Amino acid sequence: MSNAAVPHQTSSSVPDAGWLRRALASDVFYSFRRSRLTMVAAAVTLLLFLLAIAAPLLAVQNPFDPAQLQLMNSRIEPLWTAEGQSPFLLGTDEQGRDVFSAILYGLRISLTVGVLGVVFSGALGILLGLVAGYFGGAIDSLIMRIADVQLTFPAILIALLVNGVAKSVFGNRLDAMSTLAVLVFAIGLSFWVQYARTVRGSVMVEKNKDYVAAAQLIGLPAHVIMLRHVLPNTMGPILVIATINLALAIITEATLSFLGAGMPDTMPSLGTLIRIGNNYLFSGEWWIVAFPGIALAALILSINLLGDWLRDALNPKLR
Amino acid sequence: MTEPVLSVHNLSVEFVTRHSVLRAIDGISFDIAKGEVLGVVGESGAGKSVTGLAVIGLIDPPGRLSGGEIYLSGLRIDNLPPEEMRRIRGKRIGMIFQDPLTSLNPLYKIGDQLVETIRTHSTLSESAARKRAIDLLAEVGIPAPDKRIDAYPHEFSGGMRQRVVIALAICAEPELIIADEPTTALDVSVQAQIIALIKRLGRDHGTAVMLVTHDMGVIAETSDRVAVMYSGRVAEIGPVRDVVQNPLHPYAKGLMGAIPTLAGNTERLVQIPGSMPRLSAIPPGCSFNPRCAFAFDRCRVERPEPMMHGTQAVACHLYDTPAKVSAA
Amino acid sequence: MLAFTLRRAIQAIGVMIAVGIISFSMFRFAGDPVNQIVSIDTSAAERANIRASLGLDDPVLVQFTRYLVNAAQFKFGVSYQFRLPVADLLKERMPATLELATCATILAMIFGILMGVYCALRRDTLLAKLFQAVSLIGISLPTFLIGILLIYLFAVTLGWLPSFGRGDVVPIGWWTTGLLTLSGLKALILPSITLGLFQMTLIMRLVRAEMLEVLRTDYIRFARARGLTTRAIHFGHALKNTLVPVITVAGLQFGSVIAFAIITETVFQWPGMGLLFVQAVQNVDIPIMAAYLIMVSLIFVTINLVVDILYTVVDPRLRATVGHTT
């Protein structure tokens, strides 16, 4: 009996083992190591991020630059088929665009919109959550009512509406960079609610604790108390929401682009590439849609797996 | 002497965790005779509830029975196939849990829950089962049972709900009732009624009762014999009067010293220093030795086995005589 | 009970007014209603005339009230693209969307519940793990990718099912149904699966989690202690308690299904409201967007209200308590 308990005893009672040792012995890391699937997901996510960052070094052409595209190279099949041609690893599309290069650059756009969207929605949600939780009263009711109402509508609908209105206000012909900004804005407005609810909840709990009262007593201003003391306590859940929302944001961007309400053909994201490729599905050029589709699916699946694992690891009760 | 209704020999229960195997129950033995009430007392985590669950066969993974035998009126039940054990549960062993608020399915009328249970263990028709259900509700003291039978659990008070739970536990006239902290979640005024009810039912039907509680007062009032548990072992077991008035095990002494008496002639209530060890850190030898005022070297290395001392069996080296306790 | 229903109804009206404000703002400020009527070479004076005749010079509050009154009568103005009343366009498209959404929801409920129960009860079997993996993929893959995949498999490669449109439809009054023709039913299969898959995985995960939770409750333990059969415990007690929240969620999700139909309808060129809406967003047809928002919100709010009231009917605890809590 007591023998069996020894490993647990030693691992938790070694003092000053350093943060790395502590991290390696932690429950979070334990569950990470135990799940091979999570490790694969982490590796794939990392790989896709690196590919996106290193796109200019790896791509055989810049797919955004029409001058580099040659129509004589159009509709070439992937390299390993009989009709394949070097250097077009995954074939080319209608305009002679190298599918592999387009995926690398498209990945960049998708990840940029996703990450910026998550940052924007996170910032908005955290801010509104802090305000609602800390001040309470009418502001709180107003913010939470809006959140309740918005939560009943799917994000994609809100994003589409924001997108449509933005197009109407700024005129239908937005350049690619402005479209990207609109997408980030639309995604941000669609996903803030969960952060706000989580942060508000913890603020309400923390607000009544002694250390906050003490901080108030010694005259720390409200924003310092919230940012320095209350916010750090909510970081775990926020990280989980952000990871899962990154996948959602990427899906939303891809969907908008697929529906023709997102990134234009001249600066395609993965969603745009799939929309373009979908037109060639019936004529047998499956590779134009298949590879961007696989890339998108791999990206989302890996991030979701990471998010799932993170949620379980930080909150074992949910398992 | 007739065969005991329940006989537990050297029972052990383990829980397998990520880090280790925790032994929640470590070789306990006791008997309960027909019509007898055995009180099982101890701190939280001493293994009282796990013992009850082990007897009725509801230890779920990661827990498992790792040793010993359990006999119900001579029939060995710890190794029965699940389906056979299921037929015994509710029919020959009834169980009452701590919290009547959560023990009843909120979406079913109490009559439906009673009828379902009765019909599971008998061949009664729907209407006969319903009649029996009304009789049972009357027996446990629910007023206007013919009307209340169609009420939902939330329409009853806590005490009334515990009566319904008891009716459910006794509906097949079991030989043994295991009551796991049946009064802990109830108001003090209701506690006495429920205790009286359990005692009366045991007497009227000759049912053996295993009453698990941390409340020595309840034990003293209800039980014929008492088992004092500490860290998954039985520290002392014997007739309730003897154990209360003349506890032998130092832990039992501390426990009895902690009961306030009406006479008020004790100068102060005794407090046992320290707390019960976690299951992952049970000390070698006697598990009570770090807190024991009388501990000597042997207590730190050798585990004491229960030994008869008068009417009581006690697991303590202070009373070491050659006469070892037998299953009787 | 009555007070509860009334309060919920008032809340629903509040939400609709909020949606009305957003919709009106889009209609009035993001798009210029005058453009609905005039061409590019209309003179400024004429524009001003039209502006006045449309009441666009009235105080905003007056215009808003007029907009709400019109919207309540399903008058949403004229589409920029089609030069037709938006209400007529929506009415024509609505049957397609509702049939698709209903089919998808039924599919999702049946398979979601079956798989969820299986995963909860046989949690360590290979099949349960397979379902879990499929559910993760179902949640991860964007709807349009699943649609494309299904089209590639069943329409392009195998040629079994059509890849677009509704097939032949039969008019019943103003409603048109594809449920009565073979081609209509065949056309419904792939879009229903595509649309229902996400809901199915959601329901499956919810049923599994909820059932595991219920199986841990005291009343299940007590049911086991009473010796009830495993079947009675699992499919009587546990399932009933599991399904109450699950059906609520599934009901609430029906609104989302209609909104998600936007994507499925685009992939399959399904002539429903969603496709109309996407085309409106692409072509900045504000009246359609504003009207779609109101219509979908109305469906949402109605469903929410109905589910809230039904919930109190299903759960006896709430029947007694809703009167004086929250």
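The model shown is predicted, which means the values in this text are computed figures rather than measured ones.

Right, let's talk about the sheet that holds strand 12 (residues 312-314) of chain B for a bit. Residues and elements named next belong to chain B. Pairing in this open sheet of eight strands is mixed, and the strands run 6-7-8-3-9-10-12-11 from one edge to the other. Every interior strand has two partners, whereas the edge strands, strand 6 (93-96) and strand 11 (307-309), have only one. On average, adjacent strands in this sheet sit at an angle of 20° to one another, irrespective of strand direction. Alignment of strand 11 against strand 12, held across three bridges, turns out to be antiparallel. Among the inter-strand pairings, Met-307 is bridged to a residue of strand 12, identified as Val-314. Strand contacts of helix 1 (residues 48-56): strand 3 (37-41), strand 6, strand 7 (176-180), strand 8 (208-213) and strand 9 (225-230), with the helix running at about 150° to strand 7, the strand carrying the most contacts. Contacts between helix 11 (residues 250-257) and the sheet are confined to strand 9 and strand 10 (233-239), with strand 9 contributing the most and set at about 110° to the helix.

Our focus in this paragraph is the environment of Trp-286 of chain A. Position of Trp-286 of chain A relative to the elements: it lies in the loop between helix 13 (270-278) and helix 14 (287-314). Its 19 C-beta neighbours within 10 Å are what place Trp-286 of chain A among the partly exposed residues. In this structure, the C-alpha to C-alpha distance between Trp-286 of chain A and Met-144 of chain A, residues 142 residues apart in sequence, is 47 Å. If we ignore the near neighbours within four places in the chain, the residues touching Trp-286 of chain A are Leu-281 of chain A together with Tyr-152 of chain C.

With that settled, consider the packing of helix 4 (residues 86-121) of chain C against helix 5 (residues 126-140) of chain C. Residue and element names in this part refer to chain C. Relative to each other, helix 4 and helix 5 sit at 130°, their axes nearing to 9 Å. Of the possible angle classes, the one that applies to helix 4 and helix 5 is oblique. Relative to helix 5, helix 4 is oriented so that their crossing is left-handed. Seen from helix 4, the contacting residues are Met-115, Tyr-118 and Cys-119; seen from helix 5, they are Ala-128, Phe-131 and Gln-132. By residue class, the composition of the contact of helix 4 with helix 5 is five nonpolar, one polar and no charged.

With that settled, consider helix 10 (residues 273-282) of chain C. All names here are of chain C. Counting buried positions over the 10 residues of helix 10 gives eight, a clear majority of the element. Among all positions in helix 10, only Met-273, Gly-274, Leu-275, Leu-276, Phe-277, Val-278, Ala-280 and Val-281 are buried. Once helix 10 finishes, Val-284 follows within two positions and takes phi at roughly 50°, a positive value.

All right, on to the interface of chain C and chain A then. Opposite the 34 residues of chain C that make contact, chain A presents 35 residues. Residue assignment for the side of chain C that touches chain A shows that the elements contributing at least two residues are helix 1 (2-30), helix 5, helix 6 (143-157), helix 9 (230-267), helix 10 and helix 11 (286-314) of chain C. No other element matches the seven residues that helix 9 of chain C contributes to the side of chain C that touches chain A. Residues of the side of chain C that touches chain A, tallied by class, amount to 27 nonpolar, seven polar and no charged.

Let us look at the domain arrangement of chain C. All names here are of chain C. When cut into domains, chain C gives domain 1 (1-42 + 284-326) and domain 2 (88-272). Computed from C-alpha atoms alone, the centre-to-centre distance between domain 1 and domain 2 is 25 Å. A breakdown of the residues in the side of domain 1 that touches domain 2 according to their chemical character gives 10 nonpolar, one polar and one charged.

On to the sheet that holds strand 4 (residues 63-72) of chain B, then. Sheet strands pair by backbone hydrogen bonding; their relative direction is either parallel or antiparallel. Residues and elements named next belong to chain B. As summarised here, the arrangement of the four strands in space is 2-1-4-5, forming an open sheet in which the pairing is antiparallel. The open sheet has two free edges, formed respectively by strand 2 (21-32) and strand 5 (75-76), since each of these has just one partner strand. Summarising the sheet, strand 4 and strand 5 pair through two bridges and their orientation is antiparallel. Within the sheet, the bridge partner assigned to Leu-72 lies in strand 5 and is Leu-75.

This next bit is on the packing of helix 8 (residues 155-170) of chain A against helix 12 (residues 235-258) of chain A. Residue and element names in this part refer to chain A. Look at helix 8 against helix 12: their axes get within 10 Å of each other, and the N-to-C directions meet at 50°. Classed by the angle they form, the pair helix 8 and helix 12 counts as oblique. Considering the relative orientation of helix 8 and helix 12, their crossing is right-handed. Contacts from Ala-155, Ile-156, Ala-159, Leu-160 and Asn-163 in helix 8 reach Leu-248, Thr-252, Thr-255 and Leu-256 in helix 12. Class assignment of the residues belonging to the contact of helix 8 with helix 12 gives a composition of six nonpolar, three polar and no charged.

Criteria and cut-off values
Residues numbered from 1 in each chain as written. Chains lettered and ligands numbered in written order. Predicted model: local features only at pLDDT ≥ 70, side-chain atom pairs only at ≥ 80, totals over all residues. Pairing = 2+ DSSP bridges. Helix = DSSP H or I, 4+ residues; strand = E, 2+ residues; numbered from the N terminus. Axes fitted to C-alpha atoms, helices over the stretch in contact; angles between N-to-C directions. Contact = placed C-beta atoms within 7 Å. Buried ≥ 20, exposed ≤ 12 C-beta atoms within 10 Å, placed from the backbone. Parallel < 35°, antiparallel > 145°, perpendicular 65-115°, else oblique. Left-handed = near helix turned anticlockwise from the far one by under 90°. Nonpolar A, V, L, I, M, F, W, Y, C, P; charged D, E, K, R; others polar. Domains from an automatic or database assignment.

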